[in-house]
Amino acid sequence: MEKRKKGNKKGPKTTLIVCEGYTEENMAIREKNRRKISAITILNMKGCSPIEIIETAKRKFVEDGGYDKVFCIFDRDKHGSFTKALQEVQNLAGQKRKKDRIPIIAIVSNPCIEIWIMCHFELPKSAYCGSAKNVKSALKKHLPGYDENDSAVFRIIEIKQPLAIKNAKALIKLNNDPLQKPFTDVHRFLELL
């Protein structure tokens, strides 16, 4: 009879994704399926503020006994708690006691997730980034039938993902502040997932 090797065998890595809407959820589901990762839990907090998304992620982390990674994906839009949510993520990461740290990674777009989708076609321009409505309107130039609830969007644009990553990184070089428009760091989600 063979002896089992001793080692540091851990269970599968687990990931929690808490997002604010259908577009973000559709993106997360597409990546989960494309990469064939089963150990991902996705919660859509449709209509919730950024701080509510962070608070839900903290609660789920504790209730479920922890996750290896926790992503909170939300837009700037006109949310009053956007800055507070980003500060809370920094506070959680900076806890002195390891057991008090929660590995939340905030993935944000300003003004909206459609900035990330626009990156698949061009470097988003500040001229049309004043509001989510303007960005969605500009996006229809590239995706005439664009509907934020359409789960097929991310399958359609997937082939252009390298350009999107390049454009998102260029945006950050131009403007490394999520409070400024246009901004998206969705590429970090793809890199860290």
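Here, every reference points to the structure presented above.
Residues numbered from 1 in each chain as written. Predicted model: local features only at pLDDT ≥ 70, side-chain atom pairs only at ≥ 80, totals over all residues. Heavy atoms only, no water.

**Student:** With reference to specific residues and values, describe the overall build of the protein chain.
**Tutor:** Looking only at helices and strands, the protein chain has eight helices and five strands in total. Ordered by position in the sequence, the α and β elements of the protein chain form the string β-α-β-α-β-α-β-α-α-α-α-β-α. The globule rule puts the C-alpha radius of gyration for 193 residues at 16 Å, and the 18 Å found for the protein chain is close to it. For the protein chain, with 193 residues in total, the buried portion stands at 48%. Contacts spanning at least 24 positions in sequence make up 72% of the contacts within the protein chain whose residues lie at least 6 apart. Total accessible area on the protein chain stands at roughly 10,900 Å², and carbon and sulfur atoms take up 51% of it. Each charge class in the protein chain can be summarised by its mean position, and for the 37 positive and 23 negative side chains these summaries are 7 Å apart. (Helix = DSSP H or I, 4+ residues; strand = E, 2+ residues; numbered from the N terminus. Rg over C-alpha atoms; globule rule 2.2 N^0.38 Å. Buried < 20%, exposed > 50% of the residue type's maximum accessible area, 1.4 Å probe, protein only. Contact = heavy atoms within 4.5 Å. Areas by Shrake-Rupley, 256 points an atom, 1.4 Å probe, with all protein chains shown as cover. Lys, Arg positive; Asp, Glu negative; His and termini not counted. Charge placed at Lys NZ, Arg CZ, Asp CG, Glu CD.)

**Student:** An account of the pattern of salt bridges is needed here, citing residue identities and associated values.
**Tutor:** Within the structure shown, the criterion is met by 13 salt bridges. Three or more residues joined by partner-sharing salt bridges are found here, namely Arg-30, Glu-31, Arg-34, Arg-35 and Glu-158. (Salt bridge = Lys/Arg side-chain N within 4 Å of Asp/Glu carboxyl O.)

Scope: geometric values only; no functional claims are made or implied.
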